[in-house]
Amino acid sequence: MSYNIGIDEMNAPSAPCRELRAKLVKVHVEDTSGLEDILEYDSVVDLEKAQEAVGDWDAFLKRNRINVETDAVYMDKVKKEDDRKLLEPLAERICTGWIIMEGLSEEDRERALSRAGPDDRLTGWDELSFDEMNDMCANCPLSWDKGRGCIGAFGPDNSLLPEIAGRHDCPIVASVPQSAKDGKRFTSEDAKELLREIEVLKEALPIEGKMMVRRYSGPVERMEAVAKISISEGCGFFFF
């Protein structure tokens, strides 16, 4: 297990991903009872039925650009109108468990959200490709980790840095394991204290030994970058 450092981008007005992360696109529910009227459905044809109906299977896959490893035929993937007319009578509606949030009334949104946990929700950010995400992070003012984004490594759970910090009156760094466990969020005001602790640790590490300098200079440098961004952007930070 290891700990990481992150910037609270949702409280940073200049974060380009903020609006995308706040836009809830769809949610997934395990218990679909009572939600049938707002659930998403796929129109699907059983593989064997589809193969029997179309005849030349390879030609069908090629003209509709469907993956040869498909386990069924999803009608929204069938591009050719003649094929659609042939297969539509064989299609069945299959519930996906997803609910698209756009266009729902406030009451229906509440119904959907009451069944969907935090990990069962997709935002506009989740729908971006990796290339789009990387490009946005590389040009983001909150991207403190050398253009790689606003999250970086603090160190493994057996790091001695919190213990060293505790010996040198650096309570924020000393509390990293507990803060990560509790999900604590620090403010931009806390970042000023973190900067003080960084200066203390820069002087303390050589006293602790050359090995400590080599091992922990990186995390100290990363925390310094986080603290400066937190102050300049007026947003918080956290360990997780």
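Residues numbered from 1 in each chain as written. Predicted model: local features only at pLDDT ≥ 70, side-chain atom pairs only at ≥ 80, totals over all residues. Heavy atoms only, no water.

(A) A look at a negative patch on the surface. Together, Asp46, Glu48, Glu52 and Glu92 make up a negatively charged patch on the protein surface. Note that Glu52 resides in helix α2 (residues 47-54). Glu52 gets classed as exposed once you look at its relative accessible area, which sits at 68%. (Patch = residues over 30% accessible without salt bridge, like charges linked within 9 Å, V, L, I, M, F, W, Y side chains within 5 Å. Areas by Shrake-Rupley, 256 points an atom, 1.4 Å probe, with all protein chains shown as cover. Salt bridge = Lys/Arg side-chain N within 4 Å of Asp/Glu carboxyl O. Lys, Arg positive; Asp, Glu negative; His and termini not counted. Charge placed at Lys NZ, Arg CZ, Asp CG, Glu CD. Helix = DSSP H or I, 4+ residues; strand = E, 2+ residues; numbered from the N terminus. Buried < 20%, exposed > 50% of the residue type's maximum accessible area, 1.4 Å probe, protein only.)

(B) The packing of helix α10 (residues 188-208) against helix α11 (residues 210-233), seen in detail. Packing of α10 against α11 brings their axes to within 9 Å, and their N-to-C directions diverge by 160 degrees. In terms of orientation, α10 lies roughly antiparallel with respect to α11. Both α10 and α11 take part in a crossing whose hand is left-handed. Taken together, the residues of α11 that come into contact with α10 (itself represented by Ser188, Ala191, Lys192, Leu194, Leu195, Ile198, Glu199, Leu201, Lys202, Leu205, Pro206 and Glu208) are Met212, Val213, Tyr216, Ser217, Val220, Met223, Glu224, Ala227, Lys228, Ser230 and Ile231. For the contact of α10 with α11, the class distribution of residues is 14 nonpolar, three polar and six charged. (Axes fitted to C-alpha atoms, helices over the stretch in contact; angles between N-to-C directions. Parallel < 35°, antiparallel > 145°, perpendicular 65-115°, else oblique. Left-handed = near helix turned anticlockwise from the far one by under 90°. Contact = heavy atoms within 4.5 Å. Nonpolar A, V, L, I, M, F, W, Y, C, P; charged D, E, K, R; others polar.)

(C) Spotlight on the sheet that holds strand β8 (residues 151-156). Ordered by their spatial adjacency, four strands build an open sheet running β8-β1-β10-β9, and the pairing between neighbours is antiparallel. Taken across any chain shown, the strands that pair with only one partner, and hence form the sheet edges, are β8 and β9 (185-186). Bridging between strand β1 (residues 2-7) and strand β10 (residues 237-239) involves three bridges; their strand directions are antiparallel. Residue Ile7 lies in a different strand from β10, and its bridge partner there is Phe237. In the packing of α11 onto the sheet, the strands contacted are β1, β8 and β10, and the crossing angle to β1 comes to about 25 degrees. (Pairing = 2+ DSSP bridges.)

(D) Just the pattern of salt bridges, in detail. This model, assessed by the stated rule, comprises 15 salt bridges. Between Glu163 and Arg167 there is a salt bridge, with the nearest N and O atoms lying 3.0 Å from each other. Residue Glu163 and its partner Arg167 are located together in helix α7 (residues 161-167), separated by four residues, close to a single helical turn. Under the relative-accessibility criterion, Arg167 is labelled partly exposed at 46%. Between Lys228 and Glu224 there is a salt bridge, with the nearest N and O atoms lying 3.6 Å from each other. With Lys228 and Glu224 both in helix α11, this residue pair falls four residues apart, about one helical turn.

(E) A look at the packing of aromatic side chains. By the definition in use, this model includes six aromatic pairs. Each ring, one from Phe186 and one from Phe237, has its centre 5.0 Å from the other, and the planes form 10 degrees; the classification is stacked. On the criterion of sequence distance, the pair formed by Phe186 in strand β9 and Phe237 in strand β10 is long-range, its members being 51 residues apart. Geometrically, the ring pair formed by Phe238 and Phe240 is tilted, given 5.5 Å between the ring centres and 40 degrees between the ring planes. Classification of Phe238 as buried rests on a relative accessible area of 12%. Feature note: the residues Phe154, Phe186, Phe237 and Phe239 constitute an aromatic cluster, connected by ring pairs. (Phe/Tyr/Trp six-rings, centres within 6.5 Å; stacked < 30°, edge-to-face > 60°.)

(F) Focus on the nonpolar core. The biggest cluster of nonpolar side chains holds 34 residues, and the ones touching the most others in it are Ile7, Phe154, Leu161, Met223 and Phe239. If you list the elements that add at least two residues to this core, you get β1, α7, α8 (171-174), α9 (176-182), α10, α11 and β10. Ranked by residue count, the leading element in this core is α11, at seven residues. Setting aside chain neighbours within four positions, we find Phe239 in contact with Asn4, Ile5, Phe154, Ile172, Val176, Ser179, Ala180, Phe186 and Met223. (Core = buried A, V, L, I, M, F, W, Y, C linked by side-chain atoms within 4.5 Å.)

(G) Region of the structure containing the state of the cysteines. Taken as a whole and assessed by the stated rule, the structure comprises zero disulfides. In this structure Cys17 is not part of a disulfide, and its nearest cysteine sulfur, from Cys140, lies 6.0 Å away. Here Cys137 stays free of any disulfide, with the sulfur of Cys150 as its closest cysteine sulfur at 6.2 Å. (Disulfide = S-S within 2.5 Å.)

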